[in-house]
Amino acid sequence: MFYRSDSRAPDQMRPVNIIPDYIATAEGSALIEVGNTRVICTASVEETVPSFLRNSGRGWVSAEYGMLPRSTLTRSPREAARGKIGGRTHEIQRLIGRSLRAVTDMEQLGERTILIDCDVIQADGGTRTAAITGGFVALGLAAQKLVEAGTLTTVPLPWS
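Here goes a summary of the coordinates provided. Treat the numbers as computed from the prediction; the structure is a model and nothing was measured. (Residues numbered from 1 in each chain as written. Predicted model: local features only at pLDDT ≥ 70, side-chain atom pairs only at ≥ 80, totals over all residues. Heavy atoms only, no water.)

### So, the nonpolar core
Next, step 1: By size, the foremost hydrophobic cluster in this structure holds 28 residues, and its most contacted members are Val39, Ile96, Ile114, Ile116 and Cys118.
Next, step 2: Elements with a contribution of two residues or more to this core: β2 (28–34), β3 (37–46), β4 (60–67), α2 (87–102), α3 (106–109), β5 (113–122) and α4 (127–148).
Next, step 3: Discounting residues that sit within four places of it in the chain, Ile114 has contacts with Ala43, Ser44, Val45, Trp60, Val61, Ser62, Leu109, Leu139 and Leu146. (Core = buried A, V, L, I, M, F, W, Y, C linked by side-chain atoms within 4.5 Å. Buried < 20%, exposed > 50% of the residue type's maximum accessible area, 1.4 Å probe, protein only. Helix = DSSP H or I, 4+ residues; strand = E, 2+ residues; numbered from the N terminus. Contact = heavy atoms within 4.5 Å.)

### Considerations on α2
Next, step 1: For α2, with 16 residues, the first-to-last C-alpha span of 22 Å sits near the 22 Å given by 1.5 Å per residue.
Next, step 2: Among the residues making up α2, those that are buried are Thr89, Ile92, Gln93, Ile96, Gly97 and Leu100. Looking down the long axis of α2, one finds its buried residues gathered within 130° of arc, a one-sided arrangement. Relative to its buried face, α2 has exposed residues pointing more than 90 degrees away, namely Gly87 and Ala102. (Expected span 1.5 Å × (residues − 1). Arc of directions from axis to C-beta.)

### Things to note about a nonpolar patch on the surface
Next, step 1: On the surface, Met13, Val16 and Ile18 cluster together to form a nonpolar patch covering roughly 290 Å² of accessible area.
Next, step 2: Position of Met13 among the secondary structure elements: in the segment before β1 (16–20). (Patch = residues over 30% accessible without salt bridge, like charges linked within 9 Å, V, L, I, M, F, W, Y side chains within 5 Å. Areas by Shrake-Rupley, 256 points an atom, 1.4 Å probe, with all protein chains shown as cover. Salt bridge = Lys/Arg side-chain N within 4 Å of Asp/Glu carboxyl O.)

### Notes on the sheet that holds β2
Next, step 1: Pairing within the open sheet is mixed, and its 5 strands lie in the order β1-β2-β3-β5-β4. Here the strands that pair on one side only, and so sit at the sheet edges, are β1 and β4. Strand-to-strand twist across the sheet, computed as the mean angle between neighbouring axes with direction ignored, equals 15°.
Next, step 2: Across 5 bridges, β1 lies against β2 in antiparallel orientation. Paired with Asn17 across the two strands is Glu33, which belongs to β2.
Next, step 3: The strands touched by α2 are β4 and β5; relative to β4, the strand with the most contacts, the crossing angle is about 145°. (Pairing = 2+ DSSP bridges. Axes fitted to C-alpha atoms, helices over the stretch in contact; angles between N-to-C directions.)

Shown next, in the form of structure tokens:
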């Protein structure tokens, strides 16, 4: 039988572990571990929206994604040091944002933005899916805090 480099069978998933509230200062956060991939995701709430949404009653969810220089076998320079993000990073940020907006009721969110930051601290494959999953957990925790504060009446996500 064929096994992968980490000794998993072809039909075997990587172990998944999510630690909620990993960053105490963020409205929502999670450390997600998928096999040896580890991503810290935080959600920050801002009481503003992009200009195209002003006075619409709708909110926005946006994402940023980055990899630490030594999250892989060889060091990669920080994209900020080069002065701009690469095409791969830009597309991953767009994917995370689109995925989280697709499951968020923007009218229930109201005119506020939730920014999701996904920082890969160790990459061993699957960073996109780990970032989307961890970002969803962080988004849900931030939304729950808005409900507890009386700012929202319900969490604007499918499980509520």
